[in-house]
Amino acid sequence: NRTNTGFTMAAVLPMAYAGEKPFPKPIDNVRAIGSFMTNAFHVLVRKDAGVTSVEELRGKPFATQPIGNVTTLAFQIMLQAYGLSEADLKISRGGQNFGANQLKDRKVAGFTATTGYPAAAFLDAAQTIDSVFLGVNDSALAKVQGINGGFVRFTIPANFYSGQTEPVNTMATQSMLITNTGVTDDEAYFITKTIVENLEEIKKVHGSVKHLTPEFMANPPAIELHPGAKRYYMEKGYL
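Residues numbered from 1 in each chain as written. Predicted model: local features only at pLDDT ≥ 70, side-chain atom pairs only at ≥ 80, totals over all residues. Heavy atoms only, no water.

Attention now goes to the overall build of the protein. When you go through the protein residue by residue, the secondary structure sums to nine helices and eight strands. Taking the principal axes of the C-alpha coordinates as reference, the protein spans close to 55 × 40 × 30 Å. Within the protein, the fraction of its 239 residues that count as buried is 49%. Taking the contacts inside the protein whose residues are at least 6 apart along the sequence as the reference set, 72% of them involve residues at least 24 apart. For the protein, the accessible area works out to roughly 11500 Å², and carbon and sulfur atoms hold 51% of it. Of the side-chain charges in the protein, 22 are positive and 21 negative, and the distance between the mean point of each set is 5 Å. (Helix = DSSP H or I, 4+ residues; strand = E, 2+ residues; numbered from the N terminus. Buried < 20%, exposed > 50% of the residue type's maximum accessible area, 1.4 Å probe, protein only. Contact = heavy atoms within 4.5 Å. Areas by Shrake-Rupley, 256 points an atom, 1.4 Å probe, with all protein chains shown as cover. Lys, Arg positive; Asp, Glu negative; His and termini not counted. Charge placed at Lys NZ, Arg CZ, Asp CG, Glu CD.)

Next up, the structure:
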């Protein structure tokens, strides 16, 4: 209750509801205004590293992000789905640019980030060094979702990044605007209405929301809509 609105990713919500670290106790007083952006799970590896599947990352140097980051959580869960853990790799940690630079300098076989797309670090790396994206197969995704329901199937379209001639079937989690339950229905309705009615202006802010629609906003995973937001979406036929 230090604030009444904020942004989070859907993958954080199951952890919050269960009171898993870093949350000291279960949290159940949050609701969604809507989803805003898809954060795609990227795993880029050097072609000359000889890695063609997640299983082949075993024993390889690999760059992920600091503990507590959603990217780190996504990568840990994905490894678990393939029967691996970070202990099976030679892990280094840093931001997206750190990972891209490590890859370009051939210090790691690959790097990862769960981020909006196209992501500058992956654009840079893919343009600089022959590389390939690793996907997440259906079996592994089902295991991921069994651990954390905040992840969904996502496909990075072909030719989105340099040298990426085929679609990449991966996973993603959505960024969303949330409120606590102290926000009244009328307040949540007003916030939702204001955003939707100014959506074209919002799309100019960042490429990751370029294709944002009210229908996408109205269907956030892993969380209930605030009743006020739901009322607006239903009135306008978006739900």
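Time to look at the nonpolar core. Counting 31 residues, the largest nonpolar core has Phe-41, Val-54, Leu-57, Phe-75, Met-78, Val-136 and Met-171 as the members making the most contacts within it. Looking at this core, the elements that each hand over two or more residues are α1 (12-18), β2 (30-46), α2 (70-81) and α5 (138-147). For this core, the leading source of residues is α2, giving eight residues. Discounting residues that sit within four places of it in the chain, Leu-57 has contacts with Val-45, Val-51, Phe-62, Phe-75, Asp-88, Leu-89 and Leu-134. If you look at the next biggest cluster of nonpolar residues, it comprises 25 residues, including Ala-10, Leu-13, Met-176 and Tyr-233. (Core = buried A, V, L, I, M, F, W, Y, C linked by side-chain atoms within 4.5 Å.)

It is worth spelling out the packing of α2 against α5 at this point. Following both chains from N to C, one finds α2 and α5 inclined at 125 degrees, their axes separated by 8 Å at the closest point. In terms of axis orientation, α2 runs oblique to α5. In this structure, α2 meets α5 at a crossing whose hand is right-handed. Facing Ile-77, Met-78, Gln-80 and Ala-81 of α2, the residues of α5 in contact are Ala-140, Lys-143, Val-144 and Ile-147. A class-by-class count of the residues in the contact of α2 with α5 yields six nonpolar, one polar and one charged. (Axes fitted to C-alpha atoms, helices over the stretch in contact; angles between N-to-C directions. Parallel < 35°, antiparallel > 145°, perpendicular 65-115°, else oblique. Left-handed = near helix turned anticlockwise from the far one by under 90°. Nonpolar A, V, L, I, M, F, W, Y, C, P; charged D, E, K, R; others polar.)

For the rest of this paragraph, the subject is helix α9 (residues 227-235). Of all the positions in α9, only Gly-228, Ala-229, Tyr-232 and Tyr-233 are classed as buried. Each buried residue of α9 lies within a common arc of 135 degrees when the element is viewed along its axis, so the set occupies one face. Phi for Gly-237, located one or two positions after α9, is positive at around 80 degrees. (Arc of directions from axis to C-beta.)

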